[in-house]
Every structure is written in structure tokens, then in C-alpha cells.
Amino acid sequence: MGVQTAPTLITSVQRAFRLMEAVGAHEGGAPAKRLARETGLPLATTYHLLRTLVHDGYVRRLDDGGFVIGDKLRTLESGSRDQALLARVRPTLAALRDELSAAYLTFYEEGEIRIVDIVDGPQAPRVDLWVGCEDAGHATALGKCVLRELDDDARHDYLSRHPLVDLTPRTVTRSDDLLRRLDSPTGSPLVADLEEYALGTACFAVPIHCGDRLGSLGISLPVARLARLARKDPHRELFRTHLVPTANRVSRHLSLTI
């Protein structure tokens, strides 16, 4: 049996992490001298590390000279939670892909509609996202599904910041027309995009909810395949019986991660 050697460690990295742990232990902030005492670091080293951490956004200096955890670290923590969340719902999205077609998940965050996950495959390719969902919410089933769930103020705020660009001849480019369609009673949570985003592609989506968090779950498929499915199922029950139960499962999974 060979002799095991100790791993090579970067002392400066260890010191920085030790210092961030000390900063995080003081919710109201702590001065450099106190942090130096608690970590056992020389005061000069503490100042150098704090200066670097503040510059990169991992630590923030308060007006009274104390230090608290910065926004960059909180963003990393949030990203880690979102990764865990997506890992939890991805098997459900994969099952939807295998049953119907490429599956998409969006969240409405800070006034934007963002695709956070796509589960596709060789037999279920994703649509070519040549325009991001942030700028094409009016032309996608995913985006329209979110817009339909928003209140009037949030809707008008979104539309004031996002021109209804003409992506295909079928794209709705008038806000009053879009709002009228969103408010038309359908008796179904299903929202459709029939070649409004990309010619030759149809999309269907339903809303998902997790507390105050809003999003949408959808699929995309070629119009030619939709025509074949429609002959078998003219009332689109296939999409309702798959999308709605899947959205309910995703919402439950999301609720468990709060």
C-alpha cells in the first residue's frame, strides 16, 4: 500500500473562508480588529483579505466600519438553492419529455420571464431560442402563461419595458390585442403559441405556483406532429391530461424546497 500524501492546500484561500465565516457570524457587522481576533489572523492580513473580499462583492463594509456578508455570496447561496430545486423537478420534466416533447420551465423573477431549465433529447429537440424569453414573452406560450397570471399593474409594467417585436407573421404586436386574448375566458389553464415565436413550431404551457413564486411549464413540438396528434385528439385533451398534472407535481416539489 502506497504512502498517502496530504493534499496541497492554499493557505490564503483557507484564511479568506475562515474570515467570511467570522463575518457571517455577526449579522449586524463586526470591525476588522474583532474579526482578526476571532480568526487568529494578523490584523494586516485581515485588512488585506477584507479589502479583496469587499472589492469582489463577497463582503460589504458598513458606514460604521463594520463588515457583513455581501450580495455576491448571497447570490451564490441562492443559485445553489435553485440548482437543488431544479435537480428535484428534473425527473418530472424528463417524464413529460418522454411522454410528449421537449419540456421547459420558467420563473417570473424581478419583472422578467426567464427559462430556468430545458429537458430535451434526440427524439424531442428543443426549439431554436433565437430570441430570449425575456424579450419574447408576448410570443411564447410560456411567457403568455405568466402574463395571464399577473395582475394589471405587473402586466402593464412588463409590457412597458418589452416592445412586442414581430417574430413571425402570426406574432401579436399590439398590446391591447394581446391583453384581450389573455383575458378571454377559455375554461382551461392551457395557453398556446401556434407559430407565434417560430414558424413550424407550436408550444403549450400551463402555470405553476410556489407560494408567491410564479412560473410556467411548457412543451414545444413541430406543427406537423401537432396536426397528427390533433387528428387523434381534437380537443387537445392529451396536453391537458399531461401538462396540468405535471405542473401540479412540479408545484408540489417546489413547495417542498421552500
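So, here's what we can say about the structure. As the structure is a prediction and not an experimental result, all values here were calculated from the model.

1. A closer look at the overall build of the protein
Along the backbone of the protein there are nine helices and seven strands. A burial count over the protein gives 43% of its 258 residues as buried. Contacts in the protein between residues at least 24 apart in sequence constitute 59% of all its contacts with a sequence separation of at least 6. For the protein, the computed accessible surface area is about 14600 Å², with 52% contributed by carbon and sulfur atoms.

2. Quick word on the packing of helix α1 (residues 11-24) against helix α3 (residues 43-55)
In contact at an axis separation of 10 Å, α1 and α3 are set at 80 degrees when each is read in the N-to-C sense. With respect to their mutual orientation, α1 and α3 come out roughly perpendicular. Packed against α1, whose contacting residues are S12, R15, A16, L19, M20 and V23, the element α3 presents T45, T46, L49, L50 and L53 at the interface. Looking at the contact of α1 with α3, its residues break down into seven nonpolar, three polar and one charged.

3. With respect to empty space enclosed by the protein
Here the structure, examined in full by the defined rule, presents one cavity of 30 Å³ or more. Counted as a void, the largest cavity has a volume near 120 Å³. Lining the largest cavity are 14 residues, and of these V127, L129, T140, L142 and C203 sit closest to its centre. Counting residues per element, the ones that place at least two in the lining of the largest cavity are α5 (141-149), β6 (201-210) and β7 (213-222). Grouping the amino acids of the lining of the largest cavity by side-chain chemistry returns 12 nonpolar, two polar and no charged.

Cut-offs used in this document
Residues numbered from 1 in each chain as written. Predicted model: local features only at pLDDT ≥ 70, side-chain atom pairs only at ≥ 80, totals over all residues. Heavy atoms only, no water. Helix = DSSP H or I, 4+ residues; strand = E, 2+ residues; numbered from the N terminus. Buried < 20%, exposed > 50% of the residue type's maximum accessible area, 1.4 Å probe, protein only. Contact = heavy atoms within 4.5 Å. Areas by Shrake-Rupley, 256 points an atom, 1.4 Å probe, with all protein chains shown as cover. Axes fitted to C-alpha atoms, helices over the stretch in contact; angles between N-to-C directions. Parallel < 35°, antiparallel > 145°, perpendicular 65-115°, else oblique. Nonpolar A, V, L, I, M, F, W, Y, C, P; charged D, E, K, R; others polar. 1 Å grid on protein atoms, 1.4 Å probe; cavity = no way out; pocket = protein on both sides within 12 Å on 5 of 7 lines; lining within 4 Å. Points joined across faces, edges and corners; volume = space filled by probe spheres on them.

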